Amino acid sequence: MATSDTALTDSGGLPPSDEFNPFAGVDFQGLEKSLRRPRTLLDLFLSGVVLVMTGLALIPLFSVVWMLLVRGGRKLTWAALTQAPPAPLEPGGGFGNAIIGTALMVGLAGLLSVPAGILTATFLAESRNDSRLAQVVRFAAKVLTGFPSILAGVFAYGAVVLLTGGFSALAGGVALSILMLPTIILTAEDAIRMVPAKMREAAIGMGATHTQTVWMVLLPTALPGILTGVMLAVARAAGETAPLLFTALFSNYWLTSGGRLDFMQPTASLAVLIYNFASMPFENQMELAWAAALVLVLLVLALNLVGQAVSRRQHQQA
Amino acid sequence: MSSSEAVHGNGNGNNGTGSESRPPDVVIDCQIQDLHYGTFKAVRDAHLPILKNSITAFIGPSGCGKSTVLRCLNRMNDLVRGFRFSGHVRYRGKDIYAATVDAVAVRRYIGMVFQQPNPFAMSIFNNVAFGLRLNGYKGDKAERVETALRRSALWDEVKDKLGKSGLSLSGGQQQRLCIARAIATEPEVLLMDEPCSALDPIATRKIEELMVDLKNRYTIAIVTHNLQQAARVADKTGFLYVDTSEGGRTGYLVEFGDTKQLFTAPRETHTRNYISGEFS
């Protein structure tokens, strides 16, 4: 009020500074940073604590990676990646059969769990008004995420190994699929629920049936999110050891019989190879175990990166 | 058609279509007696005809049930839990709520454009071709897509980027894309639920011009908050208002008639007050 009055009476000139000071009464001291104030000190202290804690949390991670690089990198040769494991005291050799075994069993587990998981997720997300059955299934899936992996192995032992009469890649795949299933179900359900309601409405308004809405709109739109879940599940399954001890066991040989892949015989995997070789008294085997561990970590890391890239692309699109 | 005459004896005043000399061609005959969501009575006594190749606007304050009435016309309300109504909605003389009628099929004849532009997360081409794919259309999809995009005045803007995501377009373009998607399957009726409320004035103008253009080919019913919009584009206008006398908030049709008559010489006090801005 005072401003306009002064401006008017002064016929356009600036109001004399001694008459009007818009900042009168503002305590500039209070605006300045000061180390003397407890608030500032607490702020600095907490920032420091957070930094230190973060550093502490990173120590195990980086020391593991460091050790793997140092101890495993030495043995990471083309021969190690492509040859079968050596006999005790024999030099050379590798874990090529274990890489293939892991890939096969994880792939098999994916074949079993991805369709089942996505369809279950569709049921959960689309079940009208969240039926009792859907709630039970979702609860079961959540319980299953914390399922001890060794029990999955015991289950597959009873369900497949005893039934078919021997350890096999098939049994290993079944055990891993049980571990992958809950991750896929829960992430895929989330992804489907994240599809904006207006898209569903648009599909229905176009005269799409419920099935068409799910197949042509919901699942394609949710696909990047679903893929992220699948990647996470695969990464977890690739590193599992316990369930494979009961199901695929281990093998020093390639997974072939008569030139064809054979799913029905004991199969090597990276995780079990690490477990076996690390406890052997032979230098060569122990070094191979280090190298296999490095390969496993790199594989999981690569899968995680792919999963992240896919989900990031989704966010950019939306 | 006699049904259009029967419409007006609904106890809300004599709101006949007035000056029509020959009987108009009624595409949808909407006769809603009572409409409930669960125990909530949302709308009562909405009786009105949707005439062929015309634009019918529904106006009224928020919560008066104009969107509800519109969504009744292609059974979108079926998705809402607890929805039930008495009365009937006849499309070309056939009651679309009859037990033998497939709601999904109804929506292929009576398309819908929504308040929020809602293209699918797929390419522009696939957005428009969506309805064709739904129906297993075997012919030349590219031609139908181009026609639909031209009719929605979007072709020139997107013809070089049909493979791009529909979500990459601006809001106004997205809404025209949704219109293209809706008309690609050649529905007879287009329901538009506040299609411009999320758009800026320029995009709104474009959609309005488009509507006037499209009515030669399609029959359009539109819900709008914008009275000027109704006055600009609609041939017929229905005014709905909220009745709070029974304790609830029940919408009902106050007046229905030629847009010009309704805006210049409304018969009902409620209508006059509303369009003169005395309450909203």
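The rules behind each value
- Residues numbered from 1 in each chain as written.
- Chains lettered and ligands numbered in written order.
- Predicted model: local features only at pLDDT ≥ 70, side-chain atom pairs only at ≥ 80, totals over all residues.
- Helix = DSSP H or I, 4+ residues; strand = E, 2+ residues; numbered from the N terminus.
- Rg over C-alpha atoms; globule rule 2.2 N^0.38 Å.
- Buried ≥ 20, exposed ≤ 12 C-beta atoms within 10 Å, placed from the backbone.
- Expected span 1.5 Å × (residues − 1).
- Bend = angle between axes of the 7 residues up to and from the residue.
- Pairing = 2+ DSSP bridges.
- Contact = placed C-beta atoms within 7 Å.
- Axes fitted to C-alpha atoms, helices over the stretch in contact; angles between N-to-C directions.
- Core = buried A, V, L, I, M, F, W, Y, C linked by C-beta atoms within 7 Å.
- Nonpolar A, V, L, I, M, F, W, Y, C, P; charged D, E, K, R; others polar.
- Domains from an automatic or database assignment.
- pLDDT = per-residue confidence, 0-100.
- Parallel < 35°, antiparallel > 145°, perpendicular 65-115°, else oblique.
- Left-handed = near helix turned anticlockwise from the far one by under 90°.

Engineer: Can you break down the overall build of chain B residue by residue, with the values?
Structural biologist: For chain B, the helix and strand inventory stands at 11 helices and 10 strands. The C-alpha atoms of chain B give a radius of gyration of 19 Å, which matches the 19 Å a tight globule of 280 residues would have. Referenced to the eigenvectors of the C-alpha coordinate spread, the extents of chain B come out at roughly 55 × 45 × 40 Å. Counting over 280 residues, chain B shows a buried share of 48%.

Engineer: Talk me through helix 4 (residues 96-126) of chain A; I want residue IDs and the actual numbers.
Structural biologist: Working note: α-helix, 3.6 residues per turn, so residues spaced by three or four point in the same direction. With 31 residues, helix 4 of chain A extends 44 Å from end C-alpha to end C-alpha; this agrees with the ideal 45 Å at 1.5 Å per step. Where helix 4 of chain A bends most, at Ser-113 of chain A, the angle is about 30°, and the proline Pro-115 of chain A comes one to four residues later.

Engineer: Give a description of the sheet that holds strand 7 (residues 189-193) of chain B that names residues and reports values.
Structural biologist: By way of backbone hydrogen bonds, the strands of a sheet pair with one another, either parallel or antiparallel. All names here are of chain B. The strand order across the open sheet built from 10 strands is 5-4-1-2-10-9-3-8-7-6, with neighbouring strands paired in mixed fashion. For this open sheet the edge positions go to strand 5 (94-95) and strand 6 (110-113), each flanked by a neighbour on one side alone. Bridge analysis of strand 1 (residues 26-37) against strand 4 (residues 83-91) gives 9 bridges, and the strand direction is antiparallel. Paired with Tyr-37 across the bridge in strand 4 is Phe-83. Contacts from helix 7 (residues 171-183) reach strand 6 and strand 7 within the one sheet, and its direction differs from that of strand 6 by about 170°.

Engineer: Can you lay out the nonpolar core for me, pointing to particular residues and giving the numbers?
Structural biologist: Counting residues in hydrophobic clusters, the biggest one holds 158 residues, and the most contacted among them are Leu-270, Leu-273 and Ala-292 of chain A together with Cys-30 and Leu-190 of chain B. Looking at which element gives the most residues to this core, the answer is helix 7 (residues 169-194) of chain A, with 16 residues. When neighbours within four sequence positions are excluded, Leu-190 of chain B is seen to be in contact with Gly-111, Val-113, Ala-182, Ile-183, Leu-214, Tyr-218 and Ile-220 of chain B.

Engineer: Describe in detail the interface of chain A and chain B, supporting the description with residues and values.
Structural biologist: In this assembly, 18 residues from chain A lie in contact with 22 residues from chain B. Put simply, the parts of the chain that give the side of chain A that touches chain B at least two residues each are helix 8 (197-205) and helix 9 (210-238) of chain A. Top contributing element to the side of chain A that touches chain B by residue count: helix 8 of chain A, with 6 residues. Looking at the side of chain A that touches chain B residue by residue, the classes come out as 9 nonpolar, 7 polar and 2 charged.

Engineer: Describe in detail the pairing of strand 8 (residues 219-223) of chain B, supporting the description with residues and values.
Structural biologist: Residue and element names in this part refer to chain B. Burial analysis of strand 8 places 5 of its 5 residues in the buried class, which makes it a mostly covered element. Relative to strand 8, strand 3 (residues 55-59) runs parallel, the two being bridged by 4 bridges. Each bridged residue has a counterpart across the sheet, and for Phe-58 the counterpart in strand 8 is Val-223. With 5 bridges connecting them, strand 7 and strand 8 associate as parallel partners.

Engineer: Summarise unusual backbone geometry; cite the residues concerned and give the values.
Structural biologist: Keep in mind that most residues, glycine aside, have a negative phi and that most peptide bonds are trans. Residues and elements named next belong to chain B. Positive phi, normally seen in glycine, also occurs at Asp-45, with a value near 50°. Within the secondary structure layout, Asp-45 lies in strand 2 (residues 40-51). Given 20 C-beta atoms within a 10 Å radius, Asp-45 is considered buried. A positive phi angle is found at Asn-53, which is not glycine, with a value near 50°. Checked against the element boundaries, Asn-53 lands in the loop between strand 2 and strand 3.

Engineer: How would you summarise the domain arrangement of chain A if you had to cite specific residues and measurements?
Structural biologist: Segmentation of chain A into domains returns domain 1 (2-71) and domain 2 (74-317). Summarising the inter-unit geometry, the C-alpha centres of domain 1 of chain A and domain 2 of chain A are found 49 Å apart.

Engineer: Which residues make up the confidence of the model for chain A, and what values go with them?
Structural biologist: Mean pLDDT for chain A: 87, with 92% of residues reaching 70 or above. Low pLDDT (under 50) marks residues 1-12 of chain A, which in the prediction has 7 contacts with non-local residues, meaning those over four places away or in another chain.

Engineer: Which residues make up the confidence of the model for chain B, and what values go with them?
Structural biologist: Caution applies to low-pLDDT regions: their predicted coordinates should not be interpreted in detail. All names here are of chain B. With 91% of its residues at a pLDDT of at least 70, chain B reaches an overall mean of 85. Ranking the elements of chain B by mean pLDDT puts helix 1 (residues 2-6) last, at 39, and strand 8 first, at 94. The low-confidence segment residues 1-20 (pLDDT under 50) makes 37 contacts with residues lying over four places distant or belonging to another chain. At the level of chain-chain contacts, confidence expressed as ipTM amounts to 0.82, with global pTM at 0.79.

Engineer: Could you give an account of the environment of Val-69 of chain B, naming the residues involved and the relevant values?
Structural biologist: All names here are of chain B. Along the chain, Val-69 turns up in helix 2 (residues 66-72). Residues Val-69 and Leu-240, 171 residues apart in the sequence, show an inter-C-alpha distance of 9.8 Å. Leaving out residues up to four positions away in the same chain, Val-69 has contacts with Cys-30, Ile-32, Val-43, Ala-46 and Phe-58.

Engineer: Outline the packing of helix 4 (residues 124-134) of chain B against helix 5 (residues 141-151) of chain B, listing residues and values.
Structural biologist: Axis angle and axis distance: for two packed helices, these are the angle between their axes and the distance between the axes, and together they describe the pair. Residues and elements named next belong to chain B. In contact at an axis separation of 9 Å, helix 4 and helix 5 are set at 110° when each is read in the N-to-C sense. Viewed along their axes, helix 4 and helix 5 adopt a mutual orientation that is roughly perpendicular. Taken together, the residues of helix 5 that come into contact with helix 4 (itself represented by Phe-125, Val-128, Ala-129 and Leu-132) are Lys-141, Arg-144, Val-145, Ala-148 and Leu-149. Classifying every residue of the contact of helix 4 with helix 5 by side-chain character gives 7 nonpolar, no polar and 2 charged.

Engineer: Now, about the environment of Pro-115 of chain A: what can you tell me, with residues and values included?
Structural biologist: Here Pro-115 of chain A shows up in helix 4. In sequence terms Pro-115 of chain A and Ile-185 of chain A are 70 residues apart; their C-alpha atoms lie 9.9 Å from each other.

Engineer: Can you tell me about the environment of Tyr-274 of chain B, naming the residues and giving the values?
Structural biologist: Residues and elements named next belong to chain B. With respect to the secondary-structure elements, Tyr-274 resides in helix 11 (residues 269-275). Take Tyr-274: there are 23 C-beta atoms within 10 Å of it, and that puts it in the buried class. For Tyr-274 and Gly-60, which are 214 residues apart along the polypeptide, the C-alpha to C-alpha distance reads 7.8 Å.

Engineer: Run through the packing of helix 4 of chain A against helix 7 of chain A, naming residues and quoting values.
Structural biologist: Residues and elements named next belong to chain A. Orientation of helix 4 relative to helix 7, taken along the N-to-C sense of each, is 35°, at an axis distance of 6 Å. Helix 7 is crossed by helix 4, and the crossing has right-handed handedness. Of the residues contributing to the contact of helix 4 with helix 7, the split by class is 22 nonpolar, 9 polar and 2 charged.

Engineer: Describe the pairing of strand 10 (residues 250-258) of chain B, listing the residues and the values that go with them.
Structural biologist: Residues and elements named next belong to chain B. Most of strand 10 is tucked away, with 8 of its 9 residues classed as buried. When strand 2 meets strand 10, the two strands line up parallel, connected through 2 bridges. By the bridge assignment, Val-43 is partnered in strand 10 with Gly-251. As defined by bridge partners, strand 9 (residues 236-243) adjoins strand 10 across 8 bridges and the pair is classed as antiparallel. Looking across to strand 10, one finds that Tyr-241 is bridged to Tyr-252. Linkage of strand 9 to strand 10, two consecutive antiparallel strands, is achieved through a turn of 6 residues, within which Gly-247 is found at a positive phi near 95°.

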